[in-house]
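Remarks on the overall topology
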Amino acid sequence: EDEATSGDEEVDETKTAFIEQLDVGETYEMIITNLTGLYRYRFGDVVRCVGHRGEAPIIEFAYRKGQFLNTLGERTSEE
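Now for a quick tour of the structure.

What counts as what
Residues numbered from 1 in each chain as written. Predicted model: local features only at pLDDT ≥ 70, side-chain atom pairs only at ≥ 80, totals over all residues. Heavy atoms only, no water. Phe/Tyr/Trp six-rings, centres within 6.5 Å; stacked < 30°, edge-to-face > 60°. Buried < 20%, exposed > 50% of the residue type's maximum accessible area, 1.4 Å probe, protein only. Salt bridge = Lys/Arg side-chain N within 4 Å of Asp/Glu carboxyl O. Helix = DSSP H or I, 4+ residues; strand = E, 2+ residues; numbered from the N terminus. Core = buried A, V, L, I, M, F, W, Y, C linked by side-chain atoms within 4.5 Å. Pairing = 2+ DSSP bridges.

1. Notes on the packing of aromatic side chains
Overall, the coordinates contain one aromatic pair when judged by the stated rule. Both rings, one in Y41 and one in F43, keep their centres 5.3 Å apart while their planes meet at 90 degrees; by these two values the pair is edge-to-face. Residue class for Y41 comes out partly exposed when judged on its relative accessible area of 41%.

Quick look at the structure:
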């Protein structure tokens, strides 16, 4: 089962949404559980829901969590 945790830089790690529960315009950190042994594995990829096709969400890659550049006190993401 694919799962996603809602959030931007401020990830709410206590709230989990299944893929069919994603809201348009929100960002989510991808977490996966599968039958081969991955249990709530955090990829570090943050995606944004940009629409739906039927009941399936359409997502786009937003940025990689933890990939920030700090230049003279300014934090810049890859976004």
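Picking up where we left off.
2. Details of the pattern of salt bridges
Side chains that differ in sign of charge can pair as their charged atoms come close. One pass over the structure, following the stated rule, counts four salt bridges. Between E29 and K65 there is a salt bridge, with its nearest N and O atoms 3.4 Å apart. Of this pair, E29 sits in strand 3 (residues 27–32) while K65 sits in the loop between strand 5 (56–64) and strand 6 (68–71); the two residues are 36 residues apart in sequence, bridging distant segments of the chain. Using a relative accessible area of 2% as the deciding quantity, one classes E29 as buried. Judged by its relative accessible area of 30%, K65 is partly exposed. Taking the shortest distance from any N to any O, the salt bridge between R64 and D45 comes out at 2.6 Å. Highlighted residues: R64 in strand 5 and D45 in strand 4 (residues 41–53), separated in sequence by 19 residues. What makes D45 partly exposed here is its relative accessible area of 24%. One salt-bridge network, in which partners are shared between bridges, spans E29, R42 and K65.

3. A closer look at the nonpolar core
In terms of nonpolar packing, the biggest core is built from six residues, these being A17, L22, Y28, M30, V47 and C49. For this core, the secondary structure elements donating two or more residues are strand 3 and strand 4.

4. A short note on the pairing of strand 4
The pairing of strand 3 with strand 4 spans five bridges and is antiparallel. Bridge pairing in strand 4 places I31 opposite R42. Of the strand pairs in this sheet, strand 4 and strand 5 are connected by eight bridges, and their pairing is antiparallel. In the strand pairing of strand 5, C49 is matched with I59.

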